[in-house]
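Geometric and topological summary
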Amino acid sequence: MKIGIVGTGNISLKHLHEFNKIDKVKIEAVCDTNHSNLSKFLLHDKSIRGYSSLEEMLYKEKNFDGISNTTPDRFHKDISLKILERGLNIFCEKPLAENFSDAKIMVKAAQKAKKINMVNFTYRESSAYQKLVEIIKSGDLGVPRHVCASYYQSWLTSNKWGNWQEEDKWLWRLSTKHGSNGALGDTGVHIFDFAVNAVGDIDKIFADLKTYYDKGKNIGEYQLDANDGFTSLVRFENGAIGTITNTRVATGHANSLILDVFLTKGGLKVELDEERTKWSTLHICENENINKMQWDTLECGTVKTNYEKFIDSIKTKKNLQPDFNQGAKIQKIIDSCIKSNDNNIWVDINK
Ligand SMILES: NC(=O)c1ccc[n+]([C@@H]2O[C@H](COP(=O)([O-])OP(=O)(O)OC[C@H]3O[C@@H](n4cnc5c(N)ncnc54)[C@H](O)[C@@H]3O)[C@@H](O)[C@H]2O)c1
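Residues numbered from 1 in each chain as written. Predicted model: local features only at pLDDT ≥ 70, side-chain atom pairs only at ≥ 80, totals over all residues. Heavy atoms only, no water.

**A look at the side chain of His76**
With respect to the helices and strands, the residue His76 is situated in helix H4 (residues 76–85). One polar contact links the side chain of His76 to the main-chain carbonyl oxygen of Thr71, over a distance of 2.7 Å. There is a polar contact of 2.6 Å between the side chain of His76 and the backbone oxygen of Pro95. Beyond its immediate stretch of four places on either side in the chain, His76 contacts Asn69, Thr71, Cys92, Glu93, Lys94, Pro95, Leu96 and Met106. (Helix = DSSP H or I, 4+ residues; strand = E, 2+ residues; numbered from the N terminus. Polar contact = N/O pair within 3.5 Å; in protein donor to acceptor, adjacent residues only side chain to side chain. Contact = heavy atoms within 4.5 Å.)

In structure tokens:
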């Protein structure tokens, strides 16, 4: 199968690696409007053809089975629509769009084109997380009552991923004019998808977004006005309550997602961290352990990546999750957080 990539920045190398690992799948061609990023990418594989725009790539390449959209958030909609208009399957990076109304347009376009559509909510690839979802859905531990979901990064307070003040790939993430909804839109989408897919839909939300202006107001063309983190209080439709938070100043955490779900008959915990934990370890407290405060550790093996699921979906013509509809659902939560913060109110997600 022949796959293309639009946007050859930071995450595109992961797409190259993950798609090329799949049997009989190859990245055939890529494009980027930034010549330097394109040239650097092409050094990784001399057999890949490179183009300076999506239009040029679609004009010259006729045999794609699907395309990955790995451009910054503000280009997701227009580029994905062009790909769908060409009748191609689309694998889009998260967040699906900049807002819910654009996300809905993308869902409609995918439905009209009848093409496979997927959003790259990466952390679904944890087998421990998938087991947690399965256990909750089975009802064996009763009903969810209380949820704590946190996503911690520290690229504003550590140099593990480089210096945010010097690189475009971090600066656009700090600027609303460059199409970013800050931490909320960038990584908040992951932690909302994580919580909602496991526990159920959110009914009401109250959010507090925070921008640390003391880090500076501008760097070059970038106005540093996007939120650097948020906290939110949520009420789920099934009666559970919870907190969902995310920050870029969690010193000591490069990239950690932690989800605690307390149910009427047990507790579940996953902690995904780049270095300290495995994505396959699920912690569970149930049965006789409940009164002893003891937790068992389940090793959950491996599960398919989103890249594999995209290819499987194309082969079987059955759209696996997470699809554009899920991306749009999460986008609605993001919009609701902004509305809640701006008006200092609880927001009913479904109104
Ligand atoms: N799923 C994940 O866990 C994950 C991780 C990192 C990034 N992302 C997402 O991936 C996207 C890209 O992030 P990144 O860190 O790679 O950004 P980046 O800035 O490093 O790379 C984006 C690339 O897109 C190119 N580009 C911009 N407009 C273009 C256009 N019109 N046509 C072709 N190329 C264009 C840029 O020149 C740049 O090379 C973002 O939406 C981000 O949220 C997802």
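**Details of the site of the ligand**
Taken together, 27 residues lie around the ligand, and Asp32, Asn37, Asp73, Lys94 and Thr122 are the ones closest in. In this structure, an oxygen atom belonging to the ligand sits 2.9 Å away from a main-chain N or O atom of Ile11. The side chain of His190 places a nitrogen or oxygen atom 3.4 Å from an oxygen atom of the ligand. Protein contacts shield 89% of the accessible area of the ligand, which totals 850 Å² for the unbound molecule. When contributions to the shell around the ligand are tallied by element, the ones reaching two or more residues are H4 and helix H8 (182–199). In this structure, the shell around the ligand is formed jointly by two domains, domain 1 (2–122 + 309–320) and domain 2 (123–303 + 331–348), each of which donates at least three residues. (Near = heavy atom within 4 Å. Areas by Shrake-Rupley, 256 points an atom, 1.4 Å probe, with all protein chains shown as cover. Domains from an automatic or database assignment.)

**Brief notes about the packing of aromatic side chains**
Summed over the entire model, instances satisfying the criterion amount to twelve aromatic pairs. Ring centres 5.1 Å apart and planes at 45° place the aromatic pair Phe91 and Tyr307 in the tilted group. Here Tyr307 lies in helix H9 (residues 306–316) and Phe91 lies in strand S5 (residues 89–92), a separation of 216 residues in the sequence. Accessibility classification places Phe91 together with Tyr307 in one group, the buried group. Ring centres 5.8 Å apart and planes at 80° place the aromatic pair Tyr123 and Tyr151 in the edge-to-face group. Taken together, the residues Tyr123 in the loop between strand S6 (117–119) and helix H6 (127–138) and Tyr151 in strand S7 (residues 144–153) connect sequence positions 28 residues apart. Exposure remark for Tyr151: the relative accessible area of 1% places this residue in the buried category. Among the aromatic side chains, those forming a connected cluster through ring pairs are Phe19, Phe91, Tyr307 and Phe310. We note Lys62 situated over the ring of Tyr59; from NZ or CZ to the ring centre the distance is 5.1 Å. One cation-aromatic arrangement involves Arg235 over Trp346; the distance from NZ or CZ to the ring centre is 4.1 Å. (Phe/Tyr/Trp six-rings, centres within 6.5 Å; stacked < 30°, edge-to-face > 60°. Buried < 20%, exposed > 50% of the residue type's maximum accessible area, 1.4 Å probe, protein only. Lys NZ or Arg CZ within 6 Å of the ring centre and 35° of its normal.)

**Points about the sheet that holds strand S3 (residues 49–51)**
If you walk across this open sheet you meet the six strands as S3-S2-S1-S4-S5-S6, and the pairing is parallel. Each edge of the sheet is formed by a strand with only one pairing partner; in this case those strands are S3 and S6. Here the strands of the sheet are splayed against their neighbours by 20° on average, with no regard to which way each runs. Summarising the sheet, strand S1 (residues 2–6) and strand S2 (residues 26–31) pair through five bridges and their orientation is parallel. Each bridged residue has a counterpart across the sheet, and for Ile5 the counterpart in S2 is Val30. The sheet contacts of helix H10 (residues 324–343) involve S5 and S6, and relative to S6 the element is tilted by about 40°. (Pairing = 2+ DSSP bridges. Axes fitted to C-alpha atoms, helices over the stretch in contact; angles between N-to-C directions.)

**Focus: the domain arrangement of the chain**
For an interface, size is often stated in terms of accessible area lost upon the parts coming together. By the assigned domains, the chain splits into domain 1 (2–122 + 309–320) and domain 2 (123–303 + 331–348). Counting residues at the interface gives 16 residues for domain 1, matched by 18 residues for domain 2. Contact between domain 1 and domain 2 buries roughly 1600 Å² in total, counting both sides, with carbon and sulfur atoms accounting for 53%. On the domain 1 side of the interface with domain 2, the three residues burying the most area are Phe100, Phe121 and Thr122, jointly 38% of the side's total. At the boundary of domain 1 with domain 2, the tally comes to one salt bridge. With its nearest N and O atoms 2.9 Å apart, the salt bridge here joins Asp186 to Lys94. (Buried area = accessible area lost by both parts, 1.4 Å probe. Salt bridge = Lys/Arg side-chain N within 4 Å of Asp/Glu carboxyl O.)

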